[in-house]
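Read off the chains here:
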Amino acid sequence: MPPNEKEYNGYLFDQLSILERLERVARNENAEAVLREIEFERRQIERKLYQKPPLISE
């Protein structure tokens, strides 16, 4: 686990970037099943990223 919330959020943004690259390829290949899975993963990551209250209370 990263030592702080800012670093953890950075990891989550990196994961979103990876999904964006995969989505670009999946759209070019018309891979609907892959696009559905990417959308599912994106929702999971965004739920962690934008949770209230934050992971660490100040």
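It should be noted that the structure appears before, not after, this text.
### Here we look at the pattern of salt bridges
- Here the structure, examined in full by the defined rule, presents three salt bridges.
- With a closest N to O distance of 2.8 Å, Arg27 and Glu23 form a salt bridge. Taken as a pair, Arg27 and Glu23 lie in helix α1 (residues 5-28) at a separation of four residues, close to a single helical turn.
- A residue is classified by how much of its surface remains accessible, and Arg27, at 51% relative accessible area, is exposed.
- Exposure remark for Glu23: the relative accessible area of 16% places this residue in the buried category.
- Taking the shortest distance from any N to any O, the salt bridge between Arg42 and Glu23 comes out at 3.1 Å. Of this pair, Arg42 sits in helix α2 (residues 32-49) while Glu23 sits in helix α1, and the two are 19 residues apart along the sequence.

### Describing unusual backbone geometry
- In this structure, Asn30 takes a positive phi of about 55° despite not being glycine.
- One can find Asn30 in the loop between α1 and α2.

### Quick notes on the packing of α1 against α2
- α2 packs onto α1 with a crossing angle of 165° between their chain directions and a minimal axis gap of 10 Å. One way to sum up the angle between α1 and α2 is to call them roughly antiparallel. α1 and α2 meet at a crossing whose hand is left-handed. Residues Tyr8, Asn9, Leu12, Phe13, Gln15, Leu16, Leu19, Glu20, Leu22, Glu23, Ala26 and Arg27 of α1 form the contact with α2, whose participating residues are Val34, Leu35, Ile38, Glu41, Arg42, Ile45, Glu46, Lys48 and Leu49.
- Residues that form the contact of α1 with α2 fall into these classes: twelve nonpolar, two polar and seven charged.

Definitions and cut-offs
Residues numbered from 1 in each chain as written. Predicted model: local features only at pLDDT ≥ 70, side-chain atom pairs only at ≥ 80, totals over all residues. Heavy atoms only, no water. Salt bridge = Lys/Arg side-chain N within 4 Å of Asp/Glu carboxyl O. Helix = DSSP H or I, 4+ residues; strand = E, 2+ residues; numbered from the N terminus. Buried < 20%, exposed > 50% of the residue type's maximum accessible area, 1.4 Å probe, protein only. Axes fitted to C-alpha atoms, helices over the stretch in contact; angles between N-to-C directions. Parallel < 35°, antiparallel > 145°, perpendicular 65-115°, else oblique. Left-handed = near helix turned anticlockwise from the far one by under 90°. Contact = heavy atoms within 4.5 Å. Nonpolar A, V, L, I, M, F, W, Y, C, P; charged D, E, K, R; others polar.

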